Amino acid sequence: MADRVAQTVVRMYLEPEVEPLFHPDSYGYRPGRSALDAVGQCRKRCWKFDWVIDLDIRAFFDSIDHDLLLKAVSTHTDLSWVLLYVKRWLQAPLQHDDGTIVARDRGTPQGSAISPLLANLFLHYAFDRWLARTFPGCPFERYADDAVIHCATEAQARQVLAALGERMAEVGLELHPDKTRIVYCKDDDRRGSAEHEAFVFLGYEFRPRLSKSRHGHHFVNFSPAVSGDARKAISREIRSWHIARRSDKTLSDLARMFNPIVQGWINYYGRFYKSWLYPVLRHINNGLVRWLMRKYKRMHGHYRRAKAWLASVARRDPRLFAHWKLVPPEGWAMGAG
């Protein structure tokens, strides 16, 4: 607890010093910036630039060079107590679950109050400033160690990637060879094909998608939507609720229990191409139908009756469940009751 208080004090001291210097395309753990801001900016630039480098830094938080990080911190403060505390936190040994103590000479303590700021400071010098200086025509979005770089041509992307690999080695980091790739942002105006035509950034999968213009014309657009892994994670979470077994709860109880979580999903994954979220949210309605069949004797074995009853509840109180504004129960439009 004492360490956490001290880390918060150091963060509150350092943040006003370094925050104004950070690159505008750095979004992670910064005031007034969010992951959705990064996704939105990436979306706009994918329409402008044909190629993207989807990069992954292998074990970033475990690999940060202590000497380089302390050098970066000392650039922004000459207070000996700040440098002393940061050095102690970085070098504090790690204790495993079995009690084994492991000395650390690299990496930052994840979960600490100071770690996000230190990580941003390290990558500010190791990545942001270097890329802006070396390849000023290649904008990027970075959220902590998750980043994408936009390039005009495949040749430029290969040049940037090769130089970036060398730069990472200089600062003690390594690009993951299997997860770092060059992606073609294919759409109706971009001909040809490439090995990779999709990438995932901050839970959103960017790939060619069929869209409709405001004039009703269909076209292929390179756009983000909730990723397959994110949808699977949401589905697992919904299954873990075991809605059908909660016959001791009322419908209002269930709404109060799950609405904050569901609204969070909608707020985040519903920002872009939200229709891809609908099939997952329908699992909640299916669970509620099974809950009705289990809770009320008159509903036992009557799936259609339970479905119609749930639809009638949704018509009377459409705001009861957070997801009903997007995917109301089946039968809503038919007026079943």
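Predicted model only: the values in this text are computed from it and were never measured.

Caption draft 1: Layout of the environment of Ser193. With respect to the helices, strands and loops of the structure, Ser193 is situated in the loop between β6 (181-184) and β7 (199-201). Classification of Ser193 as exposed rests on a relative accessible area of 61%. Distance in space between the C-alpha atoms of Ser193 and Val183 is 10.0 Å, their sequence separation being ten residues.

Caption draft 2: Expanded view of the sheet that holds strand β9 (residues 218-226). Read from one edge to the other, the open sheet built from three strands follows the order β7-β8-β9, with strand pairing classed as antiparallel. Each having just a single partner strand, β7 and β9 make up the two edges of the open sheet. When the angles between neighbouring strand axes are averaged without regard to direction, this sheet yields 50°. Relative to β9, strand β8 (residues 204-212) is paired through nine bridges, and the arrangement is antiparallel. From the neighbouring strand, Ser211 faces β9, where its bridge partner is Phe219.

Caption draft 3: Geometry of unusual backbone geometry. Positive phi outside glycine occurs at Ala59, with the angle close to 45°. Within the secondary structure layout, Ala59 lies in the loop between β1 (51-56) and α3 (60-63). On the accessibility criterion, Ala59 (42% relative accessible area) is partly exposed.

Rules used throughout
Residues numbered from 1 in each chain as written. Predicted model: local features only at pLDDT ≥ 70, side-chain atom pairs only at ≥ 80, totals over all residues. Heavy atoms only, no water. Helix = DSSP H or I, 4+ residues; strand = E, 2+ residues; numbered from the N terminus. Buried < 20%, exposed > 50% of the residue type's maximum accessible area, 1.4 Å probe, protein only. Pairing = 2+ DSSP bridges. Axes fitted to C-alpha atoms, helices over the stretch in contact; angles between N-to-C directions.

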